[in-house]
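Per-entry structural report
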Amino acid sequence: MTYAAPLRAPETLVPVLHLPPVVLAVENLSVAYGTTRVVDQVSFTIRAGEVVALVGESGSGKTTTAQALIGLLSGNGRVTDGAIRFDGETITAFTERQFQALRGKRIALVPQDPGSSLNPVRTIGSQVAEVFRLHTDHSPDLIRREVLSLFERVGLSQPELRYDQYPHELSGGMKQRVLIAMAIALRPDLIIADEPTSALDVTVQRRILDLIDDLRREYGTALLLVTHDLGVASDRADRVVVLQKGRIQDSGLTRDVLSAPSSPYTRQLLADAPSLAAVPKARPVIASNARTVIEVQGLEQQFRTKDRAAFTAIRDISFSVAAGTTHALVGESGSGKTTTARIVSGLLRPTFGSARIDGVEVTSLAGEALRQFRRKIQLVYQNPFQSLDPRQTVGQIIEEPLLNFSPVPAQERKARVVALAERVHLDSALLSRRPAALSGGQRQRVAIARALILEPSILVLDEAVSALDVTVQARILELLAELQRDLGLTYLFVSHDLAVVRAIADTVSVFQAGQQVEQGKVEDVFSHPSTAYTRQLIAAIPGATLTSRPKQPNA
Amino acid sequence: MHAQLVSRIGQSILVLWAAFTLSFVLLQALPGDAVLIRFLGGDLGLSPEQIAELRVLYGADAPIWEQYIVSLSGFLTGNFGYSVISGTPVATEILTNLPPTLWLAGLSLAAAALLAITIALTANLTGFAPLKAALENLPSLMISVPVFWLGIVMIQMFSFQLGWVSVINPGPWEQLALPVIAIAVPIAAPLAQILLRNIEAVSRQPFVQVARAKGAAPAHVLVRHILGNALLPSLTIAGLLFGELIAGAVITETVFGLNGIGRLAERSVRFQDTAVLQAIVVISAFAFLLINLAVDLLYPLVDPRLRRDDVKGATA
């Protein structure tokens, strides 16, 4: 999917005369919050109809750069140096009022999280209409017609019905369509899309990116795509700008940067980005006589909705996992993968079916037996920022599970915590700190250590690396592989990310709307998917164009 | 919705019954009774026999459980008994004293809401940092001001020194002005505090940034996007504060010499007028329940997420 190809051609073949005009020129831009400089001498240009991707991890300054472009730096942020030229005019020193005339009309924003980017107490229609009310003197009637035709243009079904609906009545993908309608309403010259699809399921992500692409080509709009995902940048952008800690590491035509990156950082990013194109590292061969530790048979879970109707979250789920291997549950949001993981962990009792862990029927455990069972299976959650008690020290967090079972002398507890910290490569100096002082990767190591202190044989990893930056994610995945090899752990790995699953799992179950549509060995499922849904999922993963991997100087 | 409403009404009835029973028990536990207080003084020269007769007349001699049944069934049929002090039916006493108190409470709550919103909006719209800081700290000061003190100070200033509000025979609005302010100030404080906190929290929501990115001015965003969301939690607090309004009425009506339920309550306590007190407790509980039920019913109107409509065709 290289929409960008025709646009690249003139730049390399035809002299400057035929290039579309420069819409945005950022020259040596520096931005600081207080005295902390977060964007340092960043320069790039975007021409009409062009897509430039601003790629970086958290803290790279990519979102700050985007905010500076529309004069919406938060708090004490300010531009300290450099210039932003929009359509030939320097807007760096624009007043709030001058910016207001620009925002929404000539520069539009597609925000990151559609779930919280719409006002929950106002109707969809009125929020889109607001753009017209702010910038035009159209009559209410005309505005309504304009909004309805925009809804149609961005592919919202039943526009008339949507107009009077509230955000909570729409799915994430529909909300993002509404936000795109808002952005294109007045045909702006530049659209800034800040991680427009990071919060969406992979198949929805693809449809939304296609939509943005179509609209951009139709209207000749310049697009600044802010993303952490090299795959998305590779598929969609003409040029990429790679940022790290506020500085440009690489900048140029997408294919040049990605095939021959000049900076070590970009090489690292490329090496760490999970991608289907990459050949997965060889997984240890599973002994064919390995004992089965997780055996799930015909699980069904019904929930009662508020109107007392039964809702079947999962039905007829069966799989088994051999000791020392990783089984992945993949699927989009609402597919039932987390429900299944909760049943296996003994946190939820299924309506029907059985789950046997090491020969023990979990679904009938209760009281003390269930409590003792928890020693055997532990969980690591998605968000390391919310799953750790901010008032405990790291040492206390790791130690806590031990206090729930047969008493262990304080001396020994301490020794075990220190040994485990070493095991997960966590500096033991951090044990006396609190979670707030730790980075996301360090926190996830703490969460893993906490899960391991009871010496379980099984870890349930619920999207355990999804909230992490790619380079951090790669390190955590390496740690998980190492722990599995050394301790013989069995993993149940819940993830929406097929590229990650391919890199670390041995077997996989694909979930769709509560059903298990496919299961088998990872290589088989990925190279010969047997259902249309799995094929669609695999095709939707961005980064198919990231085929040629650069040579790793020190891999 | 209907099932929920029915269960809420059921709960309310239970609470009313509990309020009735508790207050009945507590009032019975008091030593002596109104008949003794009123007639034993000796000024009237009643003989013990005559007092005993009066006690039979008012039902004060019956066993407690019998009094309870009689009193409860009276309440259920709308017969609240007679005031021992004035001899008029309790219902009449309440009906004449309730309207002024409701006016006072309603106006005070409205004034408090207005004051709280004004403080919150001004603090957020002013570009002048010292004013913002001052306004943000104002609620802590306001909550520390006792109603009776503020009332006396205001009477001193506005009535006696400035002569703006006459003390003798003031007009119906004139007589309400100072008490409304005296009650509104401490009531507005928690409302303003919650509103300020909520505005700050809502301002950090991504949809606020989206509204700014549409080209809306900060004031427009504050009023059209932030305020609506920030007001939601204040609604619950406003319902709870209504209870304080009724309690505050006792003090305010005494300080400002107004007639109302507060004065009636104060008089009834002084003379142990059990029947009237009992009715006041139950009616206050009823008003409190009614307000909070109204708040609950109001929520779905202001927050569409709480409406229980079927979600129509939500697919991507």
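Residues numbered from 1 in each chain as written. Chains lettered and ligands numbered in written order. Predicted model: local features only at pLDDT ≥ 70, side-chain atom pairs only at ≥ 80, totals over all residues. Heavy atoms only, no water.

Right, let's get into the overall build of chain B. Counting secondary structure elements, chain B contains 12 helices and 0 strands. Reading chain B from its N end, one meets helices and strands in the order α-α-α-α-α-α-α-α-α-α-α-α. In summary, chain B has a C-alpha radius of gyration of 25 Å against a globular reference of 20 Å for 316 residues, an excess of more than 25%. Considering only C-alpha atoms, chain B reaches an extent of 85 × 60 × 30 Å along its principal axes. For chain B, the proportion of contacts with a sequence separation of at least 24, taken over those separated by at least 6, is 72%. Of the roughly 16,900 Å² of accessible surface on chain B, a fraction of 69% belongs to carbon and sulfur atoms. (Helix = DSSP H or I, 4+ residues; strand = E, 2+ residues; numbered from the N terminus. Rg over C-alpha atoms; globule rule 2.2 N^0.38 Å. Contact = heavy atoms within 4.5 Å. Areas by Shrake-Rupley, 256 points an atom, 1.4 Å probe, with all protein chains shown as cover.)

Turning next to the packing of aromatic side chains. All names here are of chain B. If you walk through the whole model with that rule in mind, you get 7 aromatic pairs over all chains. Where Phe20 meets Phe24, the ring centres are 6.2 Å apart and the plane angle is 20°; that geometry is what we call stacked. Of this pair, Phe20 and Phe24 both sit in helix 1 (residues 2-29), separated by 4 residues, roughly a single helical turn. Geometrically, the ring pair formed by Phe24 and Tyr68 is edge-to-face, given 5.2 Å between the ring centres and 70° between the ring planes. Here the residue Phe24 occupies a position in helix 1, and Tyr68 occupies one in helix 4 (residues 64-76), the gap between them amounting to 44 residues. In terms of burial, Phe24 and Tyr68 fall into one category: buried. Grouped by ring-pair contacts, the aromatic residues Phe20, Phe24, Tyr68, Phe75 and Phe80 constitute a single cluster. (Phe/Tyr/Trp six-rings, centres within 6.5 Å; stacked < 30°, edge-to-face > 60°. Buried < 20%, exposed > 50% of the residue type's maximum accessible area, 1.4 Å probe, protein only.)

Glancing now at the nonpolar core. Residues and elements named next belong to chain A. Ranked by internal contacts, the top residues of the largest apolar core, which has 56 residues, are Val147, Phe151, Val154, Ile180 and Leu230. With 8 residues, helix 7 (residues 172-184) is the single largest residue contributor to this core. When residues of this core are assigned to domains, at least three map to each of domain 1 (5-106 + 189-272) and domain 2 (114-185). Setting aside chain neighbours within four positions, we find Val147 in contact with Gly125, Val128, Ala129, Phe132 and Tyr163. If you look at the next biggest cluster of nonpolar residues, it comprises 55 residues, including Val408, Leu431, Leu489 and Ala540. (Core = buried A, V, L, I, M, F, W, Y, C linked by side-chain atoms within 4.5 Å. Domains from an automatic or database assignment.)

A separate point is the pattern of salt bridges. Taken as a whole and judged by the stated rule, the model has 33 salt bridges over all chains. When the shortest N-O distance is used, the salt bridge between A:Arg153 and A:Glu218 registers 2.6 Å. Of this pair, A:Arg153 sits in helix 5 (residues 140-153) while A:Glu218 sits in helix 8 (residues 202-219), placing them 65 residues apart in sequence. For A:Arg153, a relative accessible area of 29% corresponds to the partly exposed category. Ionic pairing is found between B:Arg305 and B:Asp303, a salt bridge with its closest N-O pair at 3.0 Å. Classification of B:Asp303 as buried rests on a relative accessible area of 7%. Overlapping salt bridges bring together A:Asp210, A:Asp213, A:Arg216 and A:Arg236 as one network. (Salt bridge = Lys/Arg side-chain N within 4 Å of Asp/Glu carboxyl O.)

This part covers the domain arrangement of chain A. Residues and elements named next belong to chain A. For chain A, the assigned domains are domain 1 (5-106 + 189-272), domain 2 (114-185) and domain 3 (292-376 + 456-540). Between the C-alpha centres of domain 1 and domain 2 there is a distance of 26 Å. Counting residues at the interface gives 18 residues for domain 1 and 11 residues for domain 2. Where domain 1 abuts domain 2, roughly 1,200 Å² becomes buried across the two surfaces, and 69% of that area is made up of carbon and sulfur atoms. Looking only at domain 1, the three residues that lose the most surface to domain 2 are Ile208, Leu211 and Leu215, adding up to 34% of its buried area. Summed over the shared surface of domain 1 and domain 2, the result is 1 salt bridge. At the junction of domain 1 with domain 2, the criterion picks out 3 residue pairs in polar contact (both at pLDDT 80 or more). The set of elements that each furnish at least two residues to the side of domain 1 that touches domain 2 consists of helix 3 (96-102) and helix 8. (Buried area = accessible area lost by both parts, 1.4 Å probe. Polar contact = N/O pair within 3.5 Å; in protein donor to acceptor, adjacent residues only side chain to side chain.)

As a further point, take helix 9 (residues 206-213) of chain B. For an α-helix, the turn length of 3.6 residues means that residues three or four places apart are oriented alike. Residue and element names in this part refer to chain B. In terms of burial, helix 9 is largely enclosed, as 6 of its 8 residues are buried. Every buried residue of helix 9 is accounted for by Phe207, Val208, Val210, Ala211, Arg212 and Ala213. Gly215, located one to two residues past helix 9, shows a positive phi value of around 105°.

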